[in-house]
Structures are given as C-alpha cells and as structure tokens.
Amino acid sequence: MTGAPTDATERRDDESSARSLNFIEQIVEDDLASGKHGGRVHTRFPPEPNGYLHIGHAKSICLNFGLADKYGGQTNLRFDDTNPVTEDTEYVESIKADVRWLGFEWENEFYASDYFDKLYEFAESLIQKGLAYVDDSTSEEIAAQKGNPAEPGQESPYRNRSIDENLDLFRRMRAGEFPDGAKVLRAKIDMASPNMHFRDPIIYRIKHAHHHRTGDKWCIYPMYDFAHGQSDSIEEITHSVCTLEFIPHRPLYDWFIEKLEIFPSKQYEFARLNLTYTVMSKRKLLQLVNEGHVTGWDDPRMPTISGLRRRGYTPASIREFADRIGIAKRENMIDVGLLEFCIREELNKTTDRVMAVVDENPIKLVITNYPEGQTETLRIENNPEDASAGDREVPFSREVYVERDDFMENPPKKYFRLAPGQMVRLKGAYIVRCDEVVKDADGTVVQLNCTYIPESRSGSDTSGINVKGTIHWVSVPHAKEAEVRLYDRLFTVEDPSGEEGDFKSYINPNSLQVVRAKVEPNLSTRQVGDRVQFMRKGYFTVDPDSTADLLLFNRTVTLKDSWGKEVKKG
RNA sequence: AGCCCGAUAGUAUAAGGGUAGUACGACAGAUUUUGGUUCUGUUUGUCUAGGUUCGAAUCCUGGUCGGGCUACCA
C-alpha cells in the first residue's frame, strides 16, 4: 500500500505528464480556453490518392485523429483529388484500409472533388471582385514572369483584362473551348511579393482528363492552393495540420479565406518524419517499386503501412512509435531503432515462444546415451512474460538439429554454447555434453555426438549441475520445413537522400536473405498474420504467400543481441 | 541576395522568467532454463555575443549554423 506522500508524488507526475503537450495541443487548448469555435475541435487527414501511405503519414494520422480523440472532436478523411492525371481509386482503397488498420475511424469521408462546383463559384466570385484573371501566357512565360526570390516578377500582359472578359473566358475554359495549357486562371495579388506564392498564383488549369470520381464533367481543375484551404473551410475544420513545406502557403491560405469571406480554418505546420536507413518520399518509394528494387508497395522492407503490416508490425506499435517521437517544428531524423524498440516491447509481452533452427545447413546433435527410437513429449511454457499463455507439447528424441552458430570448436572465453567437452541445456529438455565432433571430407562439422544427463530434465532437475548456456533445438524426426525471410535495413547509410548521388546506389544488397529452417511441428497450425518469437532469434510473422505445404515466415525484428555486439567488439 | 522556419545529451522530446527532466541508445552490474525480458546504476545537453531581470533554455537585438521558398504537383 502506498501512503499519502507517494500518492501526492504520483499525482504530481500525472499532472506534469498530462501537461507535457506538444505545441499543437497547446494551441488547441488555448483555443478551447478562449472559447474559439464554441469549443469545437475538427481536424482532417488529407491524403492525395496517388500513392500508398507510409510511416510518415502514420505520424500525421495519429496526430490528427489523436487530437480529435483527446479533445472530444472529429476527424474527416478527405482525399485531395484535384489532379486527375495522377490519382486513382486503387489508392483510395488502400489508404482507407491502412487508416482503419492503424485503428482510426473517420467522421466523414470527403473528396476535394465533392467541392468542384463550390470551388468554381469561389473562383467566379474572385473574378467578380477583380481578384483573379485569365492568363493566356504559356507556362514558360509565366515562369519567366515570376522572377526570383530576390527580384520582383513582371506583371502578365493579360493581368488587366476586364471582369466581364475574365468571366467570359473562364466560363469558356470550363465549357471546354480551349486545349490544355491554353489558359489559366490566376489570382491577382502582388508580383513583387517576397513570398513567391503571392506572385499571382495559378488557381485553375485546363486538363481534359478523366477524373476518378467526377468522370468527364470537368476539364478545368483547381490547384492545391485553391482547393485545400477552401475544403477545410467548407468542412469547418478548426485546426488544419500539415507539414513544414506548406508554411509559405499559409499566407495564401489565409488570403483566399479572407477574400472569399468563408469559415476561418487555420493551418498549423509540424516537421515531417524522417527515419534512418530509409527514404520517405512518395516519389522515391515509387521508384523502388517500379524499378524492382522491392517486390511491391507492401514489400516488408518498405516503410509503407502495408509493408510494415506484412513485416509483422502491429497497429499499436506504430501508434506507440508516433507517440514517442513527439511533434515539433524542428527537422528531425529518428533512429529506426526506436521503431524496433516499440515492436519488440509489444511482441515480448504478446507472442508465443517457439523453437526454430533458422539455418540452411544445421548441425545434427546425436545423444549417444539416449535410447534409439525413443521419443518423449515435453511441456514448454509459451511465454515467460505471460503465464496465461499456457504451455505446449514439444517432441524430443535422440537426434536434434541445432544451429551452426551455437557450436564452436575453439571458443573464446565467454562462449556459453556448445564446444568440445562443454555442457549446455537444450531448452525445456536436458543438459548435454559435447563429446565428439564429426566432420565430413571437407572438414565441415556435420554432427556432434553428445551425452545427456537423465536427471537434468527441465522441471525435475535433480542433477545439481548449472550450465551457463541454453540453446534451442528441433527434433530431427519431428521437424517441419519452413522458409524464413530475414529482412534487414533497405539502405546501408543513415540518410540515403542526403548522400551524394543517387539514393539507389546505397541500397543494401543484403536487405533480404531467404533461408530454409527446421521448425517445431506445432507451428504448422499457425495462420497467416500470426506472430511468434523464434527463441533467441527474433519475432516472426506468417506471410500471406504461405501454402499448405510450406510456411513462410517474415522476420519482423531480431531480438536484442548483446553477445553479437560483444563479438563485434572483438 | 530577399523572405520564411528552426537550433536543449548520440537521436528525439519536455521545462510557458525560478532545481534542465523523460524516452530510446551507449556503458557497468544484478537476475535469468532465451547472451531475450526485468531491475539497478553511470554517462552525455541549452549554437554564439550582447541586452532586459534579483533570476533567462525561456523575453529582446546582432551573429553563426541548418532547412525551405522561384511546378499548369500536393
């Protein structure tokens, strides 16, 4: 029982952790305190349906949905589909599946294209106010007019057309009278602004393209800057959260809202996620897929949600990760080790331990004093972290497979595994001593002849012998075959995008190693998506490509390996 | 060059003028039938120069460094 002082301490800790808000939560709480929007919090997650979601999006999803959860608000899922040539329903479906898999449910499913009529009206009203004009300049001419950040731009020769002419031209653009690129609608702001986005930004362009939702209804489409803020406003989004690169767009976001006199949504920006040993841009991920460096968007080496899912990551571990990395404006590079920590932390508590000899070419260990033909069934606990996980039956016999790594003919001092004359415990079974090493013609160790201590059986050990090492094993006559895919980081350098030259030249040639394994027979009952710990090896999940004949396991993450580290240090 | 954003341990992230804290990592030890887990301990930090103040990571000014801005992409 704890006394009053401890309670007080705990309460203070709770309060301080509850008060440790990220800067966006602080803004929300300030708004709540001042009664802004009647205490309403409404966020949105606005993906463009032109690619798959990745862990960086997960950060944004957790932020947006998390804000609404925390403050009793709502979150819309809104597809930012204003560019018909790159967008597709395939992506819409995968995005929805990924958001749901992460554990979030949206209030409304909206599309920027739902607002095309409204947006068109907004554009006309801007023209009526003398704040937009139709420009016949080519894209090269417009780029040239823009000037550069240090020097003011030049006004377009079409800038001072009359309102009536602009209206007529814009309507004819909509009616399809002009080919792609012939004209654009531009906001009339300030060609000398130090903010390049204010130099008469294009707000509508002609694209005779089929849209995944509106079909062929439109041949003019709004640009991001004339769709995003307005969509936020239409949905009465209170806090429109996006990444840093949109900071220069914010004055424009506010300008349109002010001129259109619509609901004053506000934009706030945070720093996107960067992870070591990977790339995060959609463009680069698409390249990896298209050029065959990975097997697809859901390749377990990809930082996509679907890749992580196939790799064996859980939604909770990703949410935990998003929570731990925090939200700030400073650019950051998160150690992928933190992601690995999050999944290990969860899987340690939740997965059954099983034994698998993950070795193309394991060593056969023969127990010379164990009766030939005898088999016994051992009961081994499934999870030392969770008594309720129960135990399982594991067959044991005279011959078992062990890993080549668990034997050394000339071991260093602190090697606790098999070596000539050395004893180890076979996990859940007996202590054995290595008596004789059998090699083939090439001198490769193929078999270890051992003797076992009959009184050392796990659970009823009366031998009094203490051994330092315990190794896993699989009974030879009972072993099942499996294929195991050992994944490693996709890149050899921490920041592939920051290195000289093409990021693809830093791809890790050993990011995937496919190995045969001998596994415990009870593993054959596992289903696709099940997760287990291969004792002493790591956490694995059953891949969807598994067949009735052959189970395929993907390694989610290795166990921490302090011995391996010791060996590396020399 | 102009404008914008940022700068707290190795990496992230708190401290809202009053003891620089937390997590991951690293290191050391204990426990352990997983060299896992767990537990304990150690280590390392406010970019810089001024100013305001009894007191500055925090407010102000200059500088330095890093990032961004000149798509009919979002």
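Conventions adopted
Residues numbered from 1 in each chain as written. Chains lettered and ligands numbered in written order. Predicted model: local features only at pLDDT ≥ 70, side-chain atom pairs only at ≥ 80, totals over all residues. Heavy atoms only, no water. Helix = DSSP H or I, 4+ residues; strand = E, 2+ residues; numbered from the N terminus. Rg over C-alpha atoms; globule rule 2.2 N^0.38 Å. Buried < 20%, exposed > 50% of the residue type's maximum accessible area, 1.4 Å probe, protein only. Contact = heavy atoms within 4.5 Å. Areas by Shrake-Rupley, 256 points an atom, 1.4 Å probe, with all protein chains shown as cover. Lys, Arg positive; Asp, Glu negative; His and termini not counted. Charge placed at Lys NZ, Arg CZ, Asp CG, Glu CD. Domains from an automatic or database assignment. Buried area = accessible area lost by both parts, 1.4 Å probe. Salt bridge = Lys/Arg side-chain N within 4 Å of Asp/Glu carboxyl O. Near = heavy atom within 4 Å. Polar contact = N/O pair within 3.5 Å; in protein donor to acceptor, adjacent residues only side chain to side chain. Nonpolar A, V, L, I, M, F, W, Y, C, P; charged D, E, K, R; others polar. UniProt positions renumbered as here; feature names shortened; annotations may be inferred. Expected span 1.5 Å × (residues − 1). Patch = residues over 30% accessible without salt bridge, like charges linked within 9 Å, V, L, I, M, F, W, Y side chains within 5 Å. Pairing = 2+ DSSP bridges. Disulfide = S-S within 2.5 Å.

**Q** Where do I start with the overall build of chain A in this structure?
**A** Along chain A, the regular secondary structure elements total 14 helices and 25 strands. A compact globule built from 570 residues should have a C-alpha radius of gyration of about 25 Å, whereas chain A, at 31 Å, is more than 25% larger. Within chain A, the proportion of its 570 residues that are buried is 51%. Considering only contacts within chain A whose residues lie at least 6 apart along the sequence, 70% involve residues at least 24 apart. For chain A, the computed accessible surface area is about 26,200 Å², with 47% contributed by carbon and sulfur atoms. Of the side-chain charges in chain A, 74 are positive and 94 negative, and the distance between the mean point of each set is 3 Å.

**Q** How do you make sense of the environment of Leu-550 when you look at a structure like this?
**A** The residue Leu-550 is located in the loop between β24 (538-542) and β25 (551-558) in this model. Along the primary structure Leu-550 and Ser-524 are separated by 26 residues, whereas in three dimensions their C-alpha atoms are 8.8 Å apart.

**Q** How should I be thinking about the domain arrangement of chain A in this particular structure?
**A** Split by domain assignment, chain A resolves into domain 1 (6-116 + 227-342), domain 2 (121-224) and domain 3 (353-478). A straight line from the C-alpha centre of domain 1 to that of domain 2 covers 30 Å. If you look at the interface, domain 1 gives 30 residues, while domain 2 gives 27 residues. Counting each side, the surface lost to burial between domain 1 and domain 2 is near 2,500 Å², with a carbon and sulfur contribution of 68%. Three residues, Pro-84, Phe-116 and Trp-255, lead the burial of domain 1 against domain 2; their summed loss comes to 27% of the area buried on that side. Put simply, domain 1 and domain 2 have 2 salt bridges between them.

**Q** Any chance you could explain the protein's contact with RNA strand B here in plain terms?
**A** Inspection of the region around RNA strand B gives 66 residues, with Arg-324, Met-333, Arg-353, Ser-458 and Lys-565 positioned closest. A share of 61% is what sugar and phosphate atoms reach among the atoms of RNA strand B within 4 Å of the protein. In this structure, Thr-82 approaches RNA strand B through a side-chain N or O atom, which is 2.7 Å from a phosphate oxygen. At 3.3 Å, a backbone N or O of Gly-459 approaches a base oxygen of RNA strand B. Elements with a contribution of two residues or more to the surface near RNA strand B: α6 (139-146), β6 (202-206), α12 (315-325), α13 (336-350) and α14 (562-569). At 4 residues, the largest contribution of residues to the surface near RNA strand B is made by α14. Split into classes, the residues belonging to the surface near RNA strand B amount to 23 nonpolar, 21 polar and 22 charged.

**Q** Explain the UniProt feature "short sequence motif: 'HIGH' region" (unreviewed entry) in chain A to me, please; I cannot follow it from the model alone.
**A** In the numbering used here, UniProt assigns the feature "short sequence motif: 'HIGH' region" (unreviewed entry) to residues 47-57. Secondary structure across residues 47-57 comprises 27% helix and 0% strand; the distance between its end C-alpha atoms is 8 Å.

**Q** Explain the pattern of salt bridges here, please?
**A** Close approach of charged atoms lets side chains of opposite charge pair. In total, this model carries 50 salt bridges according to the counting rule given. Measuring nitrogen to oxygen at the nearest pair gives 2.8 Å for the salt bridge that ties Glu-403 to Lys-537. Of this pair, Glu-403 sits in the loop between β15 (399-402) and β16 (423-426) while Lys-537 sits in the loop between β23 (531-534) and β24, placing them 134 residues apart in sequence. Note on Glu-403: relative accessible area 3%, which makes it buried. Classification of Lys-537 by relative accessible area gives partly exposed; the value is 22%. Taking the shortest distance from any N to any O, the salt bridge between Arg-485 and Glu-483 comes out at 3.4 Å. Taken individually, Arg-485 and Glu-483 each receive the classification buried, so the pair is uniform in this respect. Via salt bridges that share partners, Asp-298, Arg-310, Glu-483, Arg-485, Asp-543 and Asp-545 belong to a single interconnected network.

**Q** Before we go on, may I ask you to explain helix α3 (residues 55-70) in this structure?
**A** Because the α-helix completes a turn every 3.6 residues, residues three or four places apart line up on one side. With 16 residues, α3 ought to run about 22 Å at 1.5 Å a step, and its terminal C-alpha atoms sit 21 Å apart, in line with that. Counting buried positions over the 16 residues of α3 gives 13, a clear majority of the element. Where α3 terminates, the next one or two residues include Gly-72, which has phi positive at roughly 65 degrees.

**Q** Which parts of the structure should I look at to understand a positive patch on the surface?
**A** A cluster of basic residues, Lys-413, Lys-414, Lys-560, Lys-565 and Lys-569, forms a positive patch on the protein surface. Mapped onto the elements, Lys-560 comes out in the loop between β25 and α14.

**Q** Would you mind going over the environment of Ile-363 with me for this structure?
**A** Of note, Ile-363 is situated in strand β12 (residues 363-367). Since its relative accessible area comes to 0%, Ile-363 is described here as buried. In this structure the C-alpha to C-alpha distance between Ile-363 and Glu-399, which are 36 residues apart in sequence, comes to 10 Å. Leaving out residues up to four positions away in the same chain, Ile-363 has contacts with Val-400, Tyr-401, Val-402, Arg-404, Phe-407, Val-445, Val-446, Gln-447 and Leu-448.

**Q** Which parts of the structure should I look at to understand the sheet that holds β12?
**A** In sheet architecture, strand pairing relies on hydrogen bonds along the backbone and comes in two forms, parallel and antiparallel. One open sheet accounts for 7 strands, arranged β19-β16-β17-β18-β12-β15-β20; its pairing is mixed. A strand with exactly one partner marks an edge of an open sheet, and here the two such strands are β19 (470-471) and β20 (474-475). Note: β12 against strand β18 (residues 445-452), 4 bridges, orientation parallel. When the sheet's bridge partners are listed, Val-366 is paired in β18 with Asn-449.

**Q** What is the right way to read unusual backbone geometry from this model?
**A** The backbone phi angle of His-37 is positive, close to 55 degrees, even though this residue is not glycine. With respect to the helices, strands and loops of the structure, His-37 is situated in the loop between α2 (23-33) and β1 (42-45).

**Q** Hey, could you run me through the pairing of strand β4 (residues 132-135) in this one?
**A** Within a regular strand, the side chains alternate between the two sheet faces. Alternating residues of β4 divide into Ala-132 and Val-134 and Tyr-133 and Asp-135, and every residue in both groups is buried. Summarising the sheet, β4 and strand β5 (residues 184-187) pair through 4 bridges and their orientation is antiparallel. Directly across from Asp-135, in β5, lies its bridge partner Val-184.

**Q** Please clarify how the state of the cysteines should be interpreted in this entry.
**A** Cysteine pairs can be covalently joined through their sulfur atoms, and such a bond is termed a disulfide. As enumerated under the stated definition, the model contains 0 disulfides in all. Cys-62 carries a free sulfur, and the closest cysteine sulfur to it, the one in Cys-342, is 11 Å from it. The exposure class of Cys-62 is buried, given its relative accessible area of 14%. Just so you know, Cys-242 is unpaired, no disulfide at all, and the nearest cysteine sulfur is the one on Cys-62, 17 Å from it.

**Q** How do you make sense of the UniProt feature "binding site: L-glutamine" (unreviewed entry) in chain A when you look at a structure like this?
**A** Following the UniProt record, one finds the feature "binding site: L-glutamine" (unreviewed entry) at Asp-80 and Tyr-224. Sequence-wise these annotated residues cover 145 residues; spatially they are packed, their C-alpha atoms never more than 8.1 Å apart. Among the secondary structure elements, Asp-80 is positioned in the loop between β2 (74-79) and α4 (89-102). Beyond its immediate chain neighbours, meaning those up to four positions away, Asp-80 contacts Pro-46, Pro-47, Glu-48, Pro-49, Glu-87, Ala-112, Tyr-224 and His-228. Given the relative accessible area of 23%, Tyr-224 is considered partly exposed. If we skip the residues at most four places from it in the chain, Tyr-224 touches Asp-80, Thr-82, Phe-246 and His-249.

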